Amino acid sequence: MEQVAKNIDRLVTVAAGMGYHPDRWIVPALYEGAAEKLGGKPISLVATQRIIEQVKEGNSVVLVDQFGYLPNMPYGETDGPLGVASLARAVRFGLKALPVLVTGPKDINVARQTTQAAGLNVLQYGEAKEIKTACAGEITFPVVDEGESAKVAAKILDECTPKAVISVETIGPNKKGVKHSFSGFDAGAKDKLPGLEHLFYEASARGILTIGVIDRGNELGSGTIEETVREITPYADVCQCPCKAGSACAVKTDIVFPASISNWGAYAISAMMGYLLKKPEILQNEETEWRMLDASIKAGAIDGIVAQPVMCVDGLGVKAHQGLITLLHTIVKNALSGT
Ligand SMILES: [Zn+2]
């Protein structure tokens, strides 16, 4: 079991072809720091086991992503929504629980369309909780001040009573409360981005399982390994904005999962879920991966590196992501067959 997870984790932490972004090589070191926090166990295994322990049939799981802000990425990026859509499948098809997509007004349509392309209908939370078939709920988190954001977060957790709150590539505040872009600039987010971090503060206070999937260190969950992030990630310790406190996000989660591309960390959890529950079809197949990416860009997401609405995630074309899906399925299938 541990060997399967180790191979999955090695696969999703490979820095594939991002030579023009050499600092992407930071991910294996971030992964090591994060695995150390779990006693050296493979992160996909621990994360998936904890989710399976906590989430029972009929429960709900809050899934968060968010990177949409003006002027850079008006409707967010392609890294994040596909990971959330994959986890929505895992929650619904694996655990018979209700995935609830929670993100800001700029990102919600991308999350919705991508999840629909992954094979789930998406309805307002109130409607979705009544439905037994393949569906997910959605809740839009408004852009309001800190105090109001805390209230909104508490209300969402009161309503959904989730057993886990999981983030995939959600921009998060540093120790001074500033949210940074990956190149260490102030995202200018103060009055533009919803305070999704409050969902994690509130979930932690209530003892609800929290997981953050990251690929750099400026995303929710990175605070769990903040020292490592500050040491390794460019601009994490000293940023390029006047705050000078670094881009390292200070928000902690029970488990942080650094992957080469955040979507891949989410896929690793879906693959492990397929393995542990002996239902490999939980992880989307290659055709579905294509449809998910197509849907996300049609809804307005852009590639975070190429900065265009094209069939890429973090600079890698769709075939690379489909190939990753093929390899994940191969690892799981062969492990289950025992040959
Ligand atoms: Zn700064």
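Residues numbered from 1 in each chain as written. Predicted model: local features only at pLDDT ≥ 70, side-chain atom pairs only at ≥ 80, totals over all residues. Heavy atoms only, no water.

A. Focus on the environment of P258. Tracing the backbone through its elements, the reader meets P258 in strand 7 (residues 255–258). Classification of P258 as buried rests on a relative accessible area of 0%. Apart from residues lying up to four places away in sequence, P258 is in contact with T13, V27, L30, Y31, A34, I43, I214 and I225. (Helix = DSSP H or I, 4+ residues; strand = E, 2+ residues; numbered from the N terminus. Buried < 20%, exposed > 50% of the residue type's maximum accessible area, 1.4 Å probe, protein only. Contact = heavy atoms within 4.5 Å.)

B. Quick look at the pattern of salt bridges. Taken as a whole and judged by the stated rule, the model has nine salt bridges. As a salt-bridge pair, R112 and E138 come within 2.5 Å of each other at their nearest N and O atoms. Of this pair, R112 sits in helix 5 (residues 108–117) while E138 sits in strand 4 (residues 135–140), and the two are 26 residues apart along the sequence. (Salt bridge = Lys/Arg side-chain N within 4 Å of Asp/Glu carboxyl O.)

C. Inspection of the coordination of the zinc ion at higher detail. Taken together, H180 (NE2), C239 (SG), C241 (SG) and C243 (SG) make up the full set of protein donors to the zinc ion, lying 2.0 to 2.3 Å away. Considering all four donor atoms around the zinc ion, the spread of angles at the metal, 104 to 122°, places the coordination shape in the tetrahedral class. Counting the intervening residues between successive donors of the zinc ion yields the motif H-x58-C-x1-C-x1-C. (Donors = N, O, S within 2.8 Å, 3.2 Å for Na, K, Ca; no water. Tetrahedral: all angles 85-135°; square planar, octahedral: opposite > 155°, others 65-115°.)

D. Looking closely at the sheet that holds strand 2 (residues 98–103). In space, the seven strands of this open sheet follow the order 3-4-2-1-5-6-7, with parallel pairing throughout. Sheet topology places strand 3 (121–124) and strand 7 at the edges, where each strand pairs with a single neighbour. Across the sheet, the mean angle separating the axes of adjacent strands is 25° when strand polarity is ignored. With four bridges joining them, strand 6 (residues 209–214) and strand 7 adopt parallel strand pairing. Looking at the pairing, I214 lines up with P258 of strand 7. Contacting strand 5 (164–170), strand 6 and strand 7, helix 3 (residues 43–54) runs over the sheet at an angle of about 140° to strand 7. (Pairing = 2+ DSSP bridges. Axes fitted to C-alpha atoms, helices over the stretch in contact; angles between N-to-C directions.)

E. Representation of unusual backbone geometry in the model. Unusually for a residue other than glycine, T161 sits at a positive phi of about 35°. Tracing the backbone through its elements, the reader meets T161 in the loop between helix 7 (146–160) and strand 5. We note that Y235 has phi near 70°; this positive angle belongs to a residue other than glycine. Along the polypeptide, Y235 turns up in the loop between helix 9 (226–232) and strand 7. In this structure Y235 comes out as partly exposed when scored by relative accessible area, which is 36%.

F. Spotlight on the packing of helix 1 (residues 2–12) against helix 3. At a minimum axis distance of 7 Å, the contact between helix 1 and helix 3 shows a crossing angle of 115°. Residues E2, A5, I8 and D9 of helix 1 form the contact with helix 3, whose own contacting residues are I43, S44 and L45. Residue classes in the contact of helix 1 with helix 3 are distributed as four nonpolar, one polar and two charged. (Nonpolar A, V, L, I, M, F, W, Y, C, P; charged D, E, K, R; others polar.)

G. Structural context of helix 5. For helix 5, every residue scored as buried is listed here: I108, V110, A111, T114, T115 and A117. Following helix 5 by one or two positions, G119 adopts a phi angle in the positive range, close to 105°.

H. Representation of the pairing of strand 6 within the structure. Among the six residues that make up strand 6, six are buried, leaving the element largely enclosed by the rest of the structure. With five bridges connecting them, strand 5 and strand 6 associate as parallel partners. Residue V168 lies in a different strand from strand 6, and its bridge partner there is V213. With helix 9 bridging strand 6 and its parallel neighbour strand 7, the resulting β-α-β unit is right-handed. (Right-handed = clockwise from strand over helix to strand, strands pointing away.)

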